[in-house]
Structures are given as structure tokens and as C-alpha cells.
Amino acid sequence: MAACTDLAYRLISREYGLEFCFLEMVSADSLVRGVEKTGVKMKTVPEDRPLGAQLVGCNPEIMAEGAALIEQMGYDLLDLNLGCPVPKIAGKGAGSALLDQPETCRQIFKAVTQKVKKIPVTVKMRLGVADPSGRESVEIAKIAEECGLSAVAVHGRTREQRYTGKADYEAIRRVKDAVKIPVIGNGDVHKPEDAQRMIEVSGCDGVMIGRGGLGNPWLFKRVADALEGRDPGPEPAFEEKKRALLRHLELELQHRPEHMVVLFMRRIGTWYFKGTRGSVEFRNRINCAQSIAEVRMLIEEFREDIPESRSALV
């Protein structure tokens, strides 16, 4: 997830049990041109393994060149993004805009698999551009299988839906029934029970967690436990969320300049306390924070029992 799954996010999640994750999405064109910002996104450390890279673009030759670079960099898996619905990506013909362009997808898949020989290549997609039936994703999944891709992941919404409505797990089943390679389900997994329901309804071979993991690094292990027949345990307590957020802050400080971390923590802090009593006041206060010391103090002093009547105060 762009601007979310940075190195600190991945490391805090791994400390709580995440086993595999992806880099933020990177542009094939930017990667090939050596854009500095792309290199920052791809920063990793030895303990950040196994790790997949996620490539987006719509030019088969550029996608293949970018894919070759990713393999040379030593990532463990390459995922081709056909799921991003945001205008700055889809508006350029990439991401989910490719879902009604099966022949372009075929060209991309062929070009990439001719270049990448040592690591698995997968594709992440949505159900379609506007058609929620899954017809377009079924067609693209079949092409992916024909071209030698190792798996497909399907988010149960269309491009037009973005993140509205509910993910359609029955539509994911249509993709599962259409191909023999593994199908990974994605969408609306916020607790272990959601993952169990996704597998029951869709028959998918695995579960991919996206937005549900923001501010919730415990979710990955809890889901794995539930799917493997172990007790996932309770939701984390409030004080545990605070400890995790403070640890997340320290990890950000290890890998980014302080002024950037202050800005990042305005967003990250709200992930951890979303739905918590007093979270509106906390958000208002952290959005005004000007230093790391102030951010840390706000987290340490935040209390779950703050009266709601104070929630509009700054």
C-alpha cells in the first residue's frame, strides 16, 4: 500500500508475527529511470525478509526491464499490480485500468516472465473496472496462468468501487474455480473471523491483508493462528497499542529524518487509536505536533477514558 507499508511498518508487523509482506508499490518507469524517491521506497534490511516487490506500469517493455532489476536486487517475489484504483495510476492506463485490456496484460505477463527466472511472479487484481461479476478478473487470471505466473491475488471490489461497499468473496470464488494456480483473496479482513469467512465463501488458497493491518500489527499472526486451528487470542489491550505505536515511532526514527517522522506520525498515530474513545482529540493534537518529543508525549499521555465531551478540543 503506497505511503503505508514502509520499512518501519513492515518491521513492527514482523515483530508481532508477520511472516511475509510487500514493499510499497513502485513505478516500473521510475525504477528504470533511477528516480531517487523510488530507491527510498525500496529500502530494506536483512531482518525484513522474506519480502516481495510490487511493480506497476502499462508498457510491457518497461515492465520487463523493471522486473529484471527487481530480480537482480534480490527480492523474494515480484508482484504485478493490476489493482490500484487511484486516478494518478489508473488514469495513466496502469493498475486496475488494465483489467479491461486483456491483450495488454498478456504482453506484460509474457515480457516479464521472459526476463524473470529465479523468483516467483504473481499478479494482484480487482474484480474488474466496473463489472462486479468477476468476469474480467477471471479472464486475466486465465491469461496469467497461461503465461506462467505463480499465483493471482484478487481484491473483491471493482476499480469504480475503490474502497466503498463490501468485498465480494463469491466473485473471488469464480476466479478460484477458473484456474489451477493458487488464488489469494483480499478485501475487508479486519479480524480472524473475516479471513475464515473469506476462505469458506471463496475457497481461496490464502489471504492477503491490506488496510486491515494499519495500526494493527497483531492481525497477521492472529489470522494465521485462526486459519491453522490455533486460538488467535483476544484483541490487543489499549496499553499494548500504545507500546506498539511508541515502538513504531522509534523504528521510523531509525530510517527517516525527524521532520518527516513528525509528519508521518500524524497519520500513523490515528491508525492505532481508530475507534478508541478520545481518538478525535488525540488526532487533533497530534496533527498540530511540531517535534518528536511532542509526538512521544502525546502518545504516552493519551488515555482511553478521556471524556468524549473533550474530543473537539485542540
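Residues numbered from 1 in each chain as written. Predicted model: local features only at pLDDT ≥ 70, side-chain atom pairs only at ≥ 80, totals over all residues. Heavy atoms only, no water.

Points about the nonpolar core
Inclusion rule: In this text, buried Ala, Val, Leu, Ile, Met, Phe, Trp, Tyr and Cys residues form a nonpolar core when linked through side-chain atoms within 4.5 Å. Here's how the labels work: a residue is buried when its accessible area is under 20% of the maximum for its type, exposed when over 50%, partly exposed in between, all with a 1.4 Å probe on protein chains only. Secondary structure is summarised from DSSP: a helix means a run of H or I of at least four residues, a strand means a run of E of at least two, and numbering begins at the N terminus for each. Any pair of residues with heavy atoms lying within 4.5 Å of one another is described as a contacting pair.
Leu55, Leu78, Leu80 and Phe109 are the most contacted members of the largest nonpolar core, which totals 85 residues. At eight residues, helix H12 (residues 258-273) tops the list of elements feeding residues into this core. The contact partners of Leu55, leaving out residues within four places of it in the chain, are Val26, Ser27, Ala28, Leu31, Met63, Gly66, Ala67, Ile70, Leu78, Asp79, Leu80 and Asn81. Grouped together as the second largest cluster of nonpolar side chains are five residues, Val56, Cys84, Ile89 and Ala94 included.

Some words on the packing of aromatic side chains
Here is the rule: Working definition: a ring pair exists when centres of Phe, Tyr or Trp rings (six-membered ring for Trp) sit within 6.5 Å. Plane angles under 30 degrees give stacked, over 60 give edge-to-face, the rest tilted. Placement of a positive charge over a ring is assigned whenever Lys NZ or Arg CZ falls within 6 Å of the ring centre and within 35 degrees of the normal to the ring plane.
Counted according to the given criterion, the structure contains nine aromatic pairs. The ring of Tyr163 is capped by Arg126, whose NZ or CZ atom sits 5.0 Å from the centre of that ring. It is Arg267 that lies over the ring of Phe264; its NZ or CZ is 5.2 Å from the centre.

Focus: the packing of helix H6 (residues 102-115) against helix H7 (residues 135-146)
Put simply, the rule is: Helix axes are fitted to C-alpha atoms over the stretch in contact, other axes to C-alpha atoms as well, and angles between N-to-C directions run from 0 to 180 degrees. An angle counts as roughly parallel when it lies under 35 degrees, as roughly antiparallel when it exceeds 145, as roughly perpendicular when it falls between 65 and 115, and as oblique in every other case. It is the rotation of the near helix from the far one that decides the hand of a crossing: anticlockwise by less than a right angle makes it left-handed, clockwise makes it right-handed.
Direction vectors running N to C along H6 and H7 enclose 25°, while the axes themselves pass 10 Å from each other. Judged on the interaxial angle alone, H7 and H6 are roughly parallel. In this structure, H6 meets H7 at a crossing whose hand is right-handed. Residues Pro102, Cys105, Arg106 and Phe109 of H6 touch H7, and the partners they reach there are Glu139, Ile140, Ile143, Ala144 and Glu146.

A few points about the layout of surface pockets
Operational definition: Buriedness of a pocket was judged along seven lines, with at least five required to meet protein on both sides within 12 Å; pockets are open sets of points on a 1 Å grid over the protein atoms alone, cavities are sets where a 1.4 Å probe fits but cannot get out, and lining residues have an atom within 4 Å of a point. Grid points are joined across faces, edges and corners, and a volume is the space filled by probe spheres set on the points. Only Asp, Glu, Lys and Arg are considered charged in this grouping, and only Ala, Val, Leu, Ile, Met, Phe, Trp, Tyr, Cys and Pro are considered nonpolar; every other residue, Gly among them, is considered polar.
Its boundaries defined by the atoms lining it, the second largest pocket holds a volume of some 430 Å³. Around the second largest pocket, the lining is made up of 16 residues, and of these His190, Gly212, Leu214, Trp271 and Lys274 lie nearest the centre. It is H12 that provides the largest number of residues to the lining of the second largest pocket, a total of three residues. Residues belonging to the lining of the second largest pocket are distributed by class as follows: five nonpolar, seven polar and four charged.

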